[in-house]
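Secondary and tertiary structure notes
Residues per chain, in single letters:
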Amino acid sequence: MRKCVVCQENEDKRNLFRVVRSPEGEVFLDLSGKKNGRGAYISKSTACIENARSKKLLNKHLKADVPDDVYDEMSKLVQGEGK
């Protein structure tokens, strides 16, 4: 169980996206859930993704700028257009 940084709901890891800040400072979406670095979890819902983007919640949790393409990739995956 992990907690979404947006809605604060506890969810199984399979129902959450993991966004990681690597030791080198790169921020990316970790679909495997096993990459090295500081991670933050966000629910697989459009509302949580858009709230995180507008309020910059992932930036605060990861202490780094999160590129828009990370949010775009999560949105595509939720809508079924992604990998």
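Quick summary incoming for the structure in this document. (Residues numbered from 1 in each chain as written. Predicted model: local features only at pLDDT ≥ 70, side-chain atom pairs only at ≥ 80, totals over all residues. Heavy atoms only, no water.)

Taken as a whole and assessed by the stated rule, the structure comprises five salt bridges. Between Arg14 and Asp12 there is a salt bridge; the shortest N-O distance is 3.0 Å. Here Arg14 falls in the exposed class, since its relative accessible area comes to 67%. Judged by relative accessible area, which is 28%, Asp12 ranks as partly exposed. A salt bridge links Glu50 to Arg53; its shortest N-O distance comes to 3.6 Å. You can see Glu50 and its partner Arg53 sitting in helix H1 (residues 46–55), three residues apart, about one turn around the helix. For Arg53, a relative accessible area of 23% translates into the label partly exposed. If you follow the salt bridges from partner to partner, you end up with Glu50, Arg53, Asp68 and Asp72 in one network. (Salt bridge = Lys/Arg side-chain N within 4 Å of Asp/Glu carboxyl O. Buried < 20%, exposed > 50% of the residue type's maximum accessible area, 1.4 Å probe, protein only. Helix = DSSP H or I, 4+ residues; strand = E, 2+ residues; numbered from the N terminus.)

What follows is about the sheet that holds strand E4 (residues 27–30). With antiparallel pairing, three strands are arranged side by side in an open sheet as E4-E3-E5. Bordering the open sheet on either side are E4 and strand E5 (38–43), each of which pairs with just one other strand. Sheet twist, expressed as the mean angle between neighbouring strand axes with direction ignored, is 30°. Sitting on the sheet, H1 is in contact with strand E3 (16–21) and E5, with an inclination near 130° to E5. Sheet contacts for helix H3 (residues 68–78): E3, E4 and E5; angle to E4, the most-contacted strand, approximately 15°. (Pairing = 2+ DSSP bridges. Axes fitted to C-alpha atoms, helices over the stretch in contact; angles between N-to-C directions. Contact = heavy atoms within 4.5 Å.)

Turning to H1, its buried residues are Cys48, Ile49 and Ala52. The buried residues of H1 occupy one face: seen down the axis, they fall within an arc of 100°. Packing partners of the buried residues in H1 comprise E3, E5, helix H2 (57–62) and H3. Directly after H1, the chain includes Lys56, whose backbone phi takes a positive value near 55°. (Arc of directions from axis to C-beta.)

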